[in-house]
Structures are given as structure tokens and as C-alpha cells.
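So you can see what is in the structure, the chains are spelled out below.
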Amino acid sequence: MDYKILTYPDKELKKVSSAVDKIDDSILELIDSMGQIMLKNNGIGLASPQIGVKKKIIIIDERAIGTNSNIIVMINPKIVSYESFYEEHDEGCLSVPGFYGKVNDRRRYIKVQYLDLKEQVQEVEFDNFLSVVIQHEIDHLNGILFVDRINFVEKLRFKKFLKENK
């Protein structure tokens, strides 16, 4: 199937995704397409709702932490515990191209439970920037964009950005 990245203000980005019941060939093909799209667009993470598929699937490229490109696939991910806050930082998104805004409510340490490609439950701890990327992508599964998490001043800057880029 030919997917494209949905961009703000597409209403589809605000919809909540449903769990994956079974990892079959169609899910594997979707994940492969997601990887190609993410890498082609120089992304470090992608959630399936960003390409119009309301399934709980995210992928992360470990380039986000400076290692070689290795794609982490998380199916039905959920954060089961978290600690501490990450310092305020700029986030961007393939679905909000060209805009970066300060987000300050991301957690520094998270533990995520998810299914891997073999339908095995994994529970893995992540920290620092990789933790932020995963939280960003899990937000997509719940219809939340990073621009929903920016402060008032950043929201004004975002409105100006949108006006200038119509």
C-alpha cells in the first residue's frame, strides 16, 4: 500500500488507535513501510497513525541516541512506570514539518511494555532522549501531538508559524 505522512491539522491525527490483535503479514508489511517512510524522511520515530493507520504500532531508530541505525518496533506499547523529568527541549515531528517547539513535561526514565515482532511481551527501560522519542510516539497513538504539550508562549509562536506557512 502507498502511505503518506499526515500533517497538521489533519483530524485523523487526533484519533485514538486500537490495539493490534495479531501480528500477521499485513502488520509486518505495514511496519516495513513505516521504516522506509521514516528513514526516507530523516525521522527518528514514527507511529502508524501518522500514516493513517489507527493501530498501536511505533518504530524508533536508535540513531536518536547516536548509535548505528537499528529500528526498534513496539506493538501495543504502554508506559508502565516513569521517573524524573527531562529538561525542557525542542521537539519536532514529521506530521508538523518545519516547526520545533519546547516541551517540558517528558519523563527522563520510562519502562515500556510492548509486543515484539514474535508476539513476545517485552518490558524495557529507556532513558534520556530515547525516552522522550518513545513518549512522543506513544502520544500519537492517543491522538496527542507535541504541539498539544507546548506552553502558551510556544503556542503563540506556533500560530504565527502556521499563519506564515499557509
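Residues numbered from 1 in each chain as written. Predicted model: local features only at pLDDT ≥ 70, side-chain atom pairs only at ≥ 80, totals over all residues. Heavy atoms only, no water.

Further remarks concern the side chain of Ser-17. Looking at where Ser-17 falls in the secondary structure, it is placed in the segment before helix H1 (25-40). Overall, the relative accessible area of 6% leaves Ser-17 in the buried class. In this view, Ser-17 contacts Pro-49, Lys-54, Lys-55, Lys-56 and Leu-141; residues no more than four positions away in its chain are not counted. (Helix = DSSP H or I, 4+ residues; strand = E, 2+ residues; numbered from the N terminus. Buried < 20%, exposed > 50% of the residue type's maximum accessible area, 1.4 Å probe, protein only. Contact = heavy atoms within 4.5 Å.)

Moving on to a nonpolar patch on the surface. Residues Phe-152, Val-153 and Leu-156 make up a contiguous nonpolar surface patch of roughly 340 Å² in combined accessible area. In this structure, Leu-156 sits in helix H3 (residues 152-164). According to the relative accessible area criterion, Leu-156 is partly exposed, its value standing at 45%. (Patch = residues over 30% accessible without salt bridge, like charges linked within 9 Å, V, L, I, M, F, W, Y side chains within 5 Å. Areas by Shrake-Rupley, 256 points an atom, 1.4 Å probe, with all protein chains shown as cover. Salt bridge = Lys/Arg side-chain N within 4 Å of Asp/Glu carboxyl O.)

In total, this model carries five aromatic pairs according to the counting rule given. Ring geometry for Phe-99 and Phe-158: centres 4.8 Å apart, planes at 55 degrees, overall tilted. You can see Phe-99 sitting in strand S5 (residues 96-103) and its partner Phe-158 sitting in helix H3, a full 59 residues away along the chain. Accessibility assignment for this pair places Phe-99 and Phe-158 in one class, buried. Taking 5.3 Å as the distance between ring centres and 50 degrees as the angle between the ring planes, the aromatic pair formed by Phe-99 and Phe-161 counts as tilted. One end of the pair, Phe-99, is in strand S5; the other, Phe-161, is in helix H3, and 62 residues separate them in sequence. Neither Phe-99 nor Phe-161 differs from the other in exposure class; each is buried. Grouping aromatic residues by their ring pairs yields a cluster made of Tyr-8, Phe-99, Phe-146, Phe-158 and Phe-161. (Phe/Tyr/Trp six-rings, centres within 6.5 Å; stacked < 30°, edge-to-face > 60°.)

Sheet topology places strand S3 (residues 71-85) next to strand S6 (residues 107-115); seven bridges connect them, and they run antiparallel. Following the sheet pairing, Ser-81 is matched in S6 by Lys-111. (Pairing = 2+ DSSP bridges.)

Take a probe with the size of a water molecule and roll it over the atoms, and the empty space left behind shows itself. Roughly 350 Å³ of internal volume is contained in the largest pocket. Along its surface, the largest pocket is lined by 23 residues, and Ile-44, Gly-92, Cys-93, Leu-94 and His-136 are the ones closest to its centre. Here the residues of the lining of the largest pocket sort into ten nonpolar, ten polar and three charged. The computed volume of the second largest pocket comes to approximately 160 Å³. Forming the boundary of the second largest pocket are Ile-79, Tyr-82, Phe-85, Asp-105, Arg-106, Arg-107, Ile-110, Gln-135, Ile-138, Asp-139, Asn-142 and Arg-149. Its residues assigned to classes, the lining of the second largest pocket shows five nonpolar, two polar and five charged. (1 Å grid on protein atoms, 1.4 Å probe; cavity = no way out; pocket = protein on both sides within 12 Å on 5 of 7 lines; lining within 4 Å. Points joined across faces, edges and corners; volume = space filled by probe spheres on them. Nonpolar A, V, L, I, M, F, W, Y, C, P; charged D, E, K, R; others polar.)

Remember, this is a structural readout, not a statement about activity or role.
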